[in-house]
Amino acid sequence: MKFNPALSVAGAILLNIAGSFCQLDVCGKAPLNNKIVGGEDVRAGSWPWQVSIHLIYGSHFCGGSLINKDWVLSAAHCFQDISASGILMYFGRQSQSGLNPNEIYRKASRIIIHSNYGNPAYDNDIALVQLSSSVTFSDYIWPVCLAAAGSIFGAGTESWVSGWGKLQSGDPGISDILQEVQLPIVSNSACSTAYGGIATVTSNMICAGLINVGGKSSCQGDSGGPVVSRNGSLWIQSGIVSFGGSKCDDPRYPSVFARVSRYQDWITSNIGSNPPGFVAFNNDGFRSSLNLLLFGISLIFSIIPFTFSLYVPS
């Protein structure tokens, strides 16, 4: 068969585009997730992109998120002095000790840590882990969508953190059952004020929590795991669990995460073919939500006023 370089290049481009579209078509769907409030055990399949990362001859030490069939997104600080041959990743897992009938596992073939990680401390806290072989998607194993460059997660945006981390600072070990907690996004300015001189909050970070209220946060063992927000029917990852106060339940300090939208180019350039599904998220926070609500109410009363009487409770 005659080889045509021009057609070959065009074909490669089309395959890359098709792969990207296909990934975007599947990411972020969690058909078994029907949660409305958080802070409790997770039902199997609720967060199908959740990954449990283990030392190959040990236990869970960090979380991660499945972003396509071959790659996991996690935190750089999880892999200091750890080689790819030293870890094992579990997908579809709910319990760390019980039976997990929907679970599979993979070894790692490569770990990529951001070259500018840690200056200042925990800045660029992001890493990619390549699987030794591809996973097959199911209701319990599914890739998450990633926040596209320029995405906005304003203060008050509803977010969810999941992981097997400690339930409180004094606990001797991690949680056995996968946990979830709902947290509002905290503006970087408020987050920086809360930490004062203890830690530097950069534009590569995003914060969430209940300042001066506490009771809900990420904790030791949750590192590397995903922070997600819903956009219609899709779940979009905004952050990667990075750090918090010296005590994870200290109400003075929100949890801090690597801001995923800052790394779209870094992620795609390192993964190459079949990039993750990047989705734009735009929520200015409380104000934009209120404006949207007021606009909707105004629209209802100005365009179809008669429908209101049909839905007044008797």
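Note that the structure is a prediction, hence the values are computed from the model and not measured. Along each chain, numbering runs from 1 in the same order as the chain's sequence is written. Note on the predicted model: pLDDT of at least 70 is required for a residue's local features to be given, and 80 or more for side-chain atom pairs to be given and counted; whole-chain, interface and lining totals, by contrast, use all residues. Hydrogens are left out, water is left out, and the side-chain values use all remaining heavy atoms of the structure.

> Got a minute to help me understand the packing of aromatic side chains in this structure?
Aromatic ring pairs are described here by two measures, namely the spacing of the ring centres and the angle between the planes. In this scheme Phe, Tyr and Trp rings, the latter by its six-membered ring, pair at centre separations within 6.5 Å, and the angle between planes marks the pair as stacked below 30 degrees, edge-to-face above 60, and tilted otherwise. Tallying each qualifying case throughout the model produces 10 aromatic pairs. Look at Trp-47 and Trp-160: their rings are 5.9 Å apart centre to centre, the planes differ by 45°, and that puts the pair in the tilted class. Taken together, the positions of Trp-47 in the loop between strand 1 (40-41) and strand 2 (50-55) and Trp-160 in strand 10 (residues 158-163) put the pair 113 residues apart, joining distant regions of the chain. Considered together, Trp-47 and Trp-160 belong to a single accessibility category, that of buried residues. Taking 6.4 Å as the distance between ring centres and 85° as the angle between the ring planes, the aromatic pair formed by Phe-61 and Phe-79 counts as edge-to-face. Taken together, the residues Phe-61 in strand 3 (residues 60-68) and Phe-79 in the loop between strand 4 (71-74) and strand 5 (87-91) connect sequence positions 18 residues apart. An aromatic cluster is defined as three or more aromatic residues linked by ring pairs; in this entry it consists of Trp-47, Trp-49, Trp-160 and Trp-235. Distance and angle both matter: a charge sits over a ring if NZ of Lys or CZ of Arg is within 6 Å of the ring centre and within 35 degrees of the ring normal. Directly above the aromatic system of Tyr-90 lies the positively charged group of Arg-93, at a separation of 4.1 Å from the ring centroid. Helical segments are the DSSP runs of H or I of at least four residues, strand segments are the runs of E of at least two, and each set is numbered from the N terminus. Partly exposed describes any residue whose relative accessible area lies between the buried limit of under 20% and the exposed limit of over 50%, with all areas from a 1.4 Å probe on protein chains only and scaled to the type maximum.

> Is there a simple way to think about the pairing of strand 12 (residues 205-208) in this case?
Each regular strand shows side chains that alternate between the opposite faces of the sheet. Alternating positions in strand 12 separate into two faces, Met-205 and Cys-207 on one and Ile-206 and Ala-208 on the other, with burial throughout. We treat two strands as partners when DSSP finds at least two bridges between them. Pairing geometry for strand 11 (residues 179-186) and strand 12, over two bridges, is antiparallel. When the sheet's bridge partners are listed, Ile-185 is paired in strand 12 with Ala-208. Examined bridge by bridge, strand 12 and strand 15 (residues 255-259) share four bridges and lie antiparallel to one another. Paired with Ala-208 across the two strands is Ser-255, which belongs to strand 15.

> Could you clarify how one ought to interpret the pattern of salt bridges in this entry?
If the charged atoms of two oppositely charged side chains come close together, the side chains can form a pair. By convention in these notes, a salt bridge is any Lys or Arg side-chain nitrogen within 4 Å of a carboxyl oxygen on Asp or Glu. According to the stated counting rule, one finds three salt bridges in the structure shown. With a shortest N-O distance of 2.5 Å, Arg-93 and Glu-103 are connected by a salt bridge. Of the two residues, Arg-93 is situated in the loop between strand 5 and strand 6 (104-113) and Glu-103 in the loop between strand 5 and strand 6; the sequence distance between them amounts to 10 residues.

> Mind showing me how you'd approach helix 3 (residues 264-271) here?
In an α-helix, one turn spans 3.6 residues, which is why side chains three or four residues apart end up on the same side. Within helix 3, burial applies to Trp-266, Ile-267 and Ile-271. The arc that holds every buried residue of helix 3, seen down its axis, measures 115°, which confines them to one face. Projecting away from the buried face of helix 3 at angles above 90 degrees are the exposed residues Asp-265 and Ser-269. Those residues of helix 3 that are buried are in contact with strand 3, strand 4, strand 6, strand 7 (127-131), strand 8 (145-147) and strand 16 (278-279). Downstream of helix 3 by a residue or two, Gly-272 has a phi angle that is positive, lying close to 80°. The arc in question is the one traced by the directions running from the helix axis out to the C-beta atoms. Any two residues whose heavy atoms approach within 4.5 Å are treated as being in contact.

> Help me out: how do you make sense of the state of the cysteines in this one?
Each disulfide consists of one covalent bond between the sulfur atoms belonging to two cysteines. Note on terminology: disulfide denotes any pair of cysteine sulfur atoms within 2.5 Å. Applying the stated criterion across every chain yields a total of three disulfides. Here Cys-27 engages in a disulfide with Cys-145; their sulfurs sit 2.0 Å apart. Its S-S torsion of about 90° marks the bond between Cys-27 and Cys-145 as right-handed, since a negative value means left-handed. Here Cys-27 is found in the loop between helix 1 (5-26) and strand 1, whereas its partner Cys-145 is found in strand 8, with 118 residues between them in sequence. Cys-145 carries the same exposure label as Cys-27, and that label is buried. Each sulfur in the disulfide pair Cys-191 and Cys-207 lies 2.1 Å from the other. Between Cys-191 and Cys-207 the sulfur-sulfur dihedral comes to about -80°; the bridge is accordingly left-handed. Of this pair, Cys-191 sits in helix 2 (residues 188-195) while Cys-207 sits in strand 12, and the two are 16 residues apart along the sequence.

> What am I meant to see in the confidence of the model for the protein chain here?
As a per-residue measure, pLDDT tells how confident the predictor is, with possible values from 0 to 100. When pLDDT is averaged along the protein chain, the result is 82; 79% of the residues meet or exceed 70. Segment residues 1-22: pLDDT under 50, and four contacts once partners within four positions in sequence are set aside and those in other chains are kept. Segment residues 287-314 is flagged for pLDDT under 50; beyond a separation of four residues in sequence, or across chains, it makes six contacts in the model.

> Even after reading the chapter, I still don't get the pairing of strand 7, so can you show me in this structure?
With four of five residues buried, strand 7 lies mostly within the body of the structure. Bridge count between strand 6 and strand 7: five bridges; the pairing is antiparallel. The partner of Ala-108 across the bridge, within strand 7, is Leu-131.

> What exactly am I supposed to notice about the nonpolar core here?
Across soluble globular proteins, nonpolar side chains have a tendency to be buried as a group. Core analysis: the largest hydrophobic core is formed by 45 residues, its most contacted members being Ile-67, Leu-73, Met-89, Phe-91, Leu-128 and Ile-267. Residue assignment for this core shows that the elements contributing at least two residues are strand 2, strand 3, strand 4, strand 5, strand 6, strand 7, strand 14 (234-243) and helix 3. Examining the composition of this core, we find that four residues originate from one element, strand 7, more than from any other. Those residues in contact with Met-89 that lie beyond four places of it in its chain are Val-51, Ser-52, Ile-53, Val-72, Ile-104, Tyr-105, Arg-106, Lys-107, Ala-108, Val-129 and Leu-131. By nonpolar core is meant a set of buried Ala, Val, Leu, Ile, Met, Phe, Trp, Tyr and Cys residues that side-chain atoms within 4.5 Å join together. Counting 17 residues, the second-largest nonpolar core is a separate cluster that includes Cys-145, Val-181, Leu-183 and Val-279.

> Mind showing me how you'd approach the sheet that holds strand 3 here?
Hydrogen bonds between backbone atoms are what pair the strands of a sheet, whose relative direction is either parallel or antiparallel. With antiparallel pairing, the six strands of this closed barrel are ordered in space as 2-3-4-7-6-5. When strand polarity is set aside, the average angle formed by the axes of neighbouring strands in this sheet is 40°. In terms of strand pairing, strand 2 meets strand 3 through five bridges, oriented antiparallel. The residue of strand 3 that forms the bridge with Val-51 is Gly-64. To get an axis, a line is fitted to the C-alpha atoms, and for a helix only the part in contact is used. The angle between two axes follows their N-to-C directions and goes from 0 to 180 degrees.

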